[in-house]
Amino acid sequence: MTRPSAHGTVFLEARLAQLRADGRRGLAPYITAGDGGLDTTLAVLRALDDAGADVVELGLPFSDPVADGPQLQAAAERSLALGTNLRDVAEVVRRLRSGDDDAPPSDLPIVVMTYANLLSRRGWGSAIGLLAAAGCDGVLVADLPLEEAVVLRIACAETGLAPLFLVAPTTGADRLAQLAAASRGFLYAIGRVGTTGVTTRFDEDTQDYLGRVAEAAGARAVGVGFGIAGPDDVSAALRHADLAIVGSALVEHLHRAVASAPHPSRAPALAARAATTFLEHLSEGLNP
Amino acid sequence: MKRSLRGVTIKVCGLTDPDEALAAVKAGADAIGLVLHPTSPRAVMPAQARRVSDVVHAMSPSRVRVVAVVVDAEPRAARELAAQIGADAIQLCGDQQPEDWVGFPLPILRRIGVEPSAEAELLAWRPVAALMVLDHPSGPGGSGRPVDHAIASRLCQRAPCLLAGGLGPDDVAAAIARVRPRGVDASSKLEAEPGRKHLGRVTAFIGAARPALARAHGRFGAFGGCFAPETLVPILTELDAAWRQLREDSVFRAELDQLLGDFAGRPTPLWPARRLSEVLGCEVLLKREDLLHTGAHKLNNTLGQVLLAKRLGKRRILAETGAGQHGVATATACAQLGLECVVSMGAVDAARQRANVLRMQLLGARVEVVHAGQRTLKDAVNAAMRAWIADPLGSHYVLGSALGPHPFPSMVADLQQVIGEEARAQSLAAGGLPDLAVACVGGGSNAIGLFRGFLTDDVELVGVEAGGTGPEQGAEHAARFASGAPGILHGCHTFLLQDDDGQVLPTHSISAGLDYPAVGPEHAALRASGRARYTWATDEDALAGFDLLARREGILPALESSHALGWMLRARDELRGRRVVVNLSGRGDKDLDLLQDRHGELERLRERSGALP
């Protein structure tokens, strides 16, 4: 398998190091691959790149997403009804990287987010190899704790893809240090106890926790996700973190745009425009 | 045929004799090591190795791997030697280079000396070796000396490893708890004299290692594990530690025993079902879990877990339910012990088990009806897990079957094994051990509860899954072993009904309690090891089994339990003259609405089965 050698752990970490060197903080939008069709996904990725997204989290949908709230579960169901699978997600990334008549090649960093069974079913090595060959940069598996991740980390080490891990407010100090050491690219901090899609209150306890995460991460970048919907949340989330991850709110916004399309062929363009305006809106939180 | 080393967790090394090798296999070893290094005290000549290998393969054609252990060998010589003795894998010790072994036709185990610099060697071998064997750094082969646990523990994070180094029956459990290896490998400490194994020590070693590995990882062979979102992982770790402590705590045990006895009605009887036996042509003993308070075995589990939750200071209990039996049992335990209770239930199940919805509400529980997905048990589990993720500190999730992330499969089985312990003692008192123990399998808690009582006896164990309208591909059913494949759902690695992409498939069963796409991981392991076998009964088989028990014994069984009876009706020829313990896991009152709709079918099925005159 050939792979765009520029992408993977080294590329992702260099990008995030540059973000910090520039004294900036960034946005990491999450979208569910195949929601509204794969052409919509490609158009949205390009729009997010143009609008200045620093990393995109691309969700490979699973039938039973226990870590997600109702919005992302509904998006997964819509996407699966259209038959989206691992190969499709790899193909979208490959098209993004290669460029075509509509758009030039893009090097937007991409982290694939999914659940363990989709990778285990294909075989960890083969699944990770496919994503790496397509030009993905990292992978994050919502139901794969560090203790179960030996095989994933081996597959990532062999292909250069970054294995990312999550920390939660329930994670203790020792474990936090272990996860910070194991996570490549960035360390994903769950902002709140709960599933995705419920508003996070960035109160003093939350900020204390995010401060501890940043300290444990050291030179490693930190992304904060779960319940970030508007510029105020972005601003609060970035007090201790490098990246604000925005999922459910964006996915709902894009879905409304797709649903409003008078004809399915218009969906990609409408979703792309919606992605642009949403990201511009969120960007207000970057420079309060 | 190339067979992987997946599922290999206990290797007994240095065997020299076919009878001893057979004994090790019978005791439960996954792999047998034959040392082909001439100067080893446990060396075997190739011809003798071939004899050992042949008898092991004859006895266990699919499960046990024969490993050829070589020192300083070249790939070509090793390949010829492995072929000569019929080995399934090769273990490399001594001076070899990983790059020479790329593309070797058999799976490779690599011996790694545990010392501070070992990580580089392990990483170099990782692309070619499927398993590492962690041994003391002295000498090329088995050292018999213990390794540095701290270093070994780090190495186990980097690659799948078997821990070796002079492990014996007395210290293996503690070493596993500290190092958390994939598996263990032992040789010298299991010997009566160099080269001759002491069979008692081999059995004791495997008996100590197997549960220790299960506790360290929640692993049952290749199955189980803890595939939970990070928010829950620390909570599950705490739960695991609490359960390990409390299950040995005499005050906790006494309180639980009193609840199980005077509140729930244990022990439940073992009823010799004579009129049923006449029809089936075998001797049937019914384990009457249907007589337990709330009408099913579920209360054994919920009383234990709610009592545990109370000890942990939780104020709220979450649960999922399919048929409603687990929901009712949870609501009952919460009412008895004074905790708040919220039960998730799929909308389809809430409609077909209305009576149980009302029972839960009358007991003071809140029933959350789930409208997502297929709106059955799987979706109720999703909802309950989400509710737990939202409040992991204040709530405890009482999972209702021997499923989910570690420690649930072990903990639920621990709480349900009272069924098998009683049934064993009762059957002995009633004339002797049974030939078979039979139970229906949804998640599999009633079945594992029964099976655990007979695991070390010469008793055949049979689990009956829901065959729905027929377990062929494409038909609607919940027979995971008939057409499923290994996968990860709701926290554990087990057999799962899924499509080629790994998406979970819809299921169907007449009984809500069996209508679930995954099976408990301990069952997956019992099937893989050949200790239990799994079959299925269709919706119609279950109805016929229900009718039979109602008319011949005056007992209305739950449609779940009716699957076990339905299979026995179909398997009459095989069962003739044998003694069978059947777990009657629940009573059928909850199914009256459904039976009213299908009442007309019972007579037709009765005629067809010819079971009743």
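Remember, predicted model here, so these are calculated numbers, not experimental data.

## Focus: the domain arrangement of chain B
Residues and elements named next belong to chain B.
Right, so step 1: For chain B, the assigned domains read domain 1 (10-216), domain 2 (232-266 + 294-411) and domain 3 (270-292 + 413-609).
Right, so step 2: Here the C-alpha centre of domain 3 lies 22 Å away from the C-alpha centre of domain 2.
Right, so step 3: Opposite the 41 residues of domain 2 that make contact, domain 3 presents 41 residues.
Right, so step 4: Taking both partners together, domain 2 and domain 3 bury about 3300 Å²; carbon and sulfur atoms supply 54% of that area.
Right, so step 5: Of all residues in domain 2, Arg266, His297 and Arg352 bury the most surface against domain 3, accounting for 20% of the area lost on that side.
Right, so step 6: Our enumeration of links across domain 2 and domain 3 arrives at five salt bridges.

## Overview of the packing of helix α2 (residues 46-59) of chain B against helix α3 (residues 75-85) of chain B
Residues and elements named next belong to chain B.
Right, so step 1: As a packed pair, α2 and α3 sit with axes 8 Å apart at the nearest point and diverge in direction by 50°. Comparing their axes, α3 and α2 come out oblique. Mapping the contact onto sequence places Pro46, Ala49, Arg50 and Ser53 in α2 and Leu81, Ala83, Gln84 and Ile85 in α3.

## Overview of the interface of chain B and chain A
Right, so step 1: Taken together, the contact between chain B and chain A spans 43 residues of the former and 42 residues of the latter.
Right, so step 2: Across the interface of chain B and chain A, roughly 3300 Å² is buried in total on both sides, 51% from carbon and sulfur atoms.
Right, so step 3: Among the residues chain B hides against chain A, the three largest losses belong to Glu230, Arg386 and Gln503 of chain B. Together they make up 21% of the total.
Right, so step 4: Counting across the interface, chain B meets chain A through four salt bridges.
Right, so step 5: Note that Glu230 of chain B is salt-bridged to Arg175 of chain A, the shortest N-O span being 2.8 Å.
Right, so step 6: At the boundary of chain B with chain A, the tally comes to 18 residue pairs in polar contact (both at pLDDT 80 or more).
Right, so step 7: The set of elements that each furnish at least two residues to the side of chain B that touches chain A consists of α8 (233-246), α15 (377-390) and β21 (485-489) of chain B.
Right, so step 8: In terms of residue count, the dominant contributor to the side of chain B that touches chain A is α15 of chain B (six residues).
Right, so step 9: Across the side of chain B that touches chain A, the residue classes tally to 21 nonpolar, eleven polar and eleven charged.

## Overview of the sheet that holds strand β13 (residues 270-272) of chain B
Residue and element names in this part refer to chain B.
Right, so step 1: As summarised here, the arrangement of the six strands in space is β13-β14-β24-β19-β20-β23, forming an open sheet in which the pairing is mixed. Looking at the sheet topology across the chains shown, the edges are occupied by β13 and β23 (532-538). Neighbour-to-neighbour, the strand axes of the sheet open up by a mean angle of 25°, direction not taken into account.
Right, so step 2: Two elements, strand β19 (residues 436-440) and strand β20 (residues 460-468), share five bridges in a ladder whose sense is parallel. Each residue of the ladder has a partner; that of Val438, found in β20, is Val462.
Right, so step 3: Docked against the sheet, helix α17 (residues 418-429) engages β13, β14 (283-288) and β24 (579-584), running at close to 140° with respect to β14.

## Some details on the environment of Val441 of chain B
All names here are of chain B.
Right, so step 1: Of note, Val441 is situated in the loop between β19 and α18 (445-451).
Right, so step 2: Each C-alpha atom, one on Val441 and one on Thr237, is 27 Å from the other, the two residues being 204 residues apart in sequence.
Right, so step 3: What Val441 contacts, discounting residues up to four positions off in sequence, is Ala447, Gly463, Val464, Glu465, Arg480, Leu514, Val519, His523 and Tyr534.

## Brief notes about the pattern of salt bridges
Right, so step 1: With the rule as written, the count across this model stands at 61 salt bridges over all chains.
Right, so step 2: One salt bridge connects Arg15 of chain A with Asp107 of chain A, and the closest N-O pair in it is separated by 2.9 Å. Of this pair, Arg15 of chain A sits in helix α1 (residues 9-21) while Asp107 of chain A sits in the loop between α4 (86-98) and β3 (110-114), and the two are 92 residues apart along the sequence.
Right, so step 3: Here Glu278 of chain B ties to Arg552 of chain B by a salt bridge, and the two come within 3.2 Å at their closest N and O atoms. With Glu278 of chain B in helix α10 (residues 274-280) and Arg552 of chain B in helix α21 (residues 539-553), this pair connects stretches of sequence that are 274 residues apart.
Right, so step 4: Among the residues examined, Glu278 of chain B registers a relative accessible area of 60% and is labelled exposed.
Right, so step 5: Classification of Arg552 of chain B by relative accessible area gives buried; the value is 11%.
Right, so step 6: Several salt bridges converge on common partners, so that one network encompasses Arg247, Glu248, Asp414, Arg452 and Glu522 of chain B.

## Notes on the packing of aromatic side chains
All names here are of chain B.
Right, so step 1: Scanning the model with the defined rule gives ten aromatic pairs over all chains in all.
Right, so step 2: A centroid spacing of 5.1 Å and a plane angle of 55° characterise the contact between Trp101 and Phe104, whose relative ring orientation is tilted. The same class applies to Trp101 as to Phe104, namely buried.
Right, so step 3: Plain terms: the ring middles of Phe481 and Phe495 are 5.1 Å apart, the flat faces sit at 55° to each other, and that makes the pair tilted.

## Structural notes on the sheet that holds strand β4 (residues 138-141) of chain A
Residue and element names in this part refer to chain A.
Right, so step 1: The nine strands are arranged β5-β4-β3-β2-β1-β9-β8-β7-β6 in an open sheet whose pairing can be described as parallel. The open sheet has two edge strands with one neighbour each: β5 (162-164) and β6 (166-167).
Right, so step 2: As judged from the four bridges shared by β3 and β4, these two strands associate in the parallel manner. In the strand pairing of β4, Thr114 is matched with Val141.

## Regarding the pairing of strand β8 (residues 221-225) of chain A
Residue and element names in this part refer to chain A.
Right, so step 1: With five of its five residues buried, β8 lies for the most part within the structure.
Right, so step 2: By the alternation rule, side chains of β8 split into Ala221, Gly223 and Gly225 and Val222 and Val224, which are all buried.
Right, so step 3: In terms of strand pairing, strand β7 (residues 186-190) meets β8 through five bridges, oriented parallel. Note on β8: the bridge partner recorded for Ala189 is Val224.
Right, so step 4: At this point the chain moves from β7, through helix α9 (residues 204-217), to the parallel β8, and the crossover so formed is right-handed.
Right, so step 5: As for the winding sense of the linkage, the β-α-β connection from β8 through helix α10 (residues 231-237) to strand β9 (residues 243-246) is right-handed.

What counts and what doesn't
- Residues numbered from 1 in each chain as written.
- Chains lettered and ligands numbered in written order.
- Predicted model: local features only at pLDDT ≥ 70, side-chain atom pairs only at ≥ 80, totals over all residues.
- Heavy atoms only, no water.
- Domains from an automatic or database assignment.
- Contact = heavy atoms within 4.5 Å.
- Buried area = accessible area lost by both parts, 1.4 Å probe.
- Salt bridge = Lys/Arg side-chain N within 4 Å of Asp/Glu carboxyl O.
- Axes fitted to C-alpha atoms, helices over the stretch in contact; angles between N-to-C directions.
- Helix = DSSP H or I, 4+ residues; strand = E, 2+ residues; numbered from the N terminus.
- Parallel < 35°, antiparallel > 145°, perpendicular 65-115°, else oblique.
- Polar contact = N/O pair within 3.5 Å; in protein donor to acceptor, adjacent residues only side chain to side chain.
- Nonpolar A, V, L, I, M, F, W, Y, C, P; charged D, E, K, R; others polar.
- Pairing = 2+ DSSP bridges.
- Buried < 20%, exposed > 50% of the residue type's maximum accessible area, 1.4 Å probe, protein only.
- Phe/Tyr/Trp six-rings, centres within 6.5 Å; stacked < 30°, edge-to-face > 60°.
- Right-handed = clockwise from strand over helix to strand, strands pointing away.

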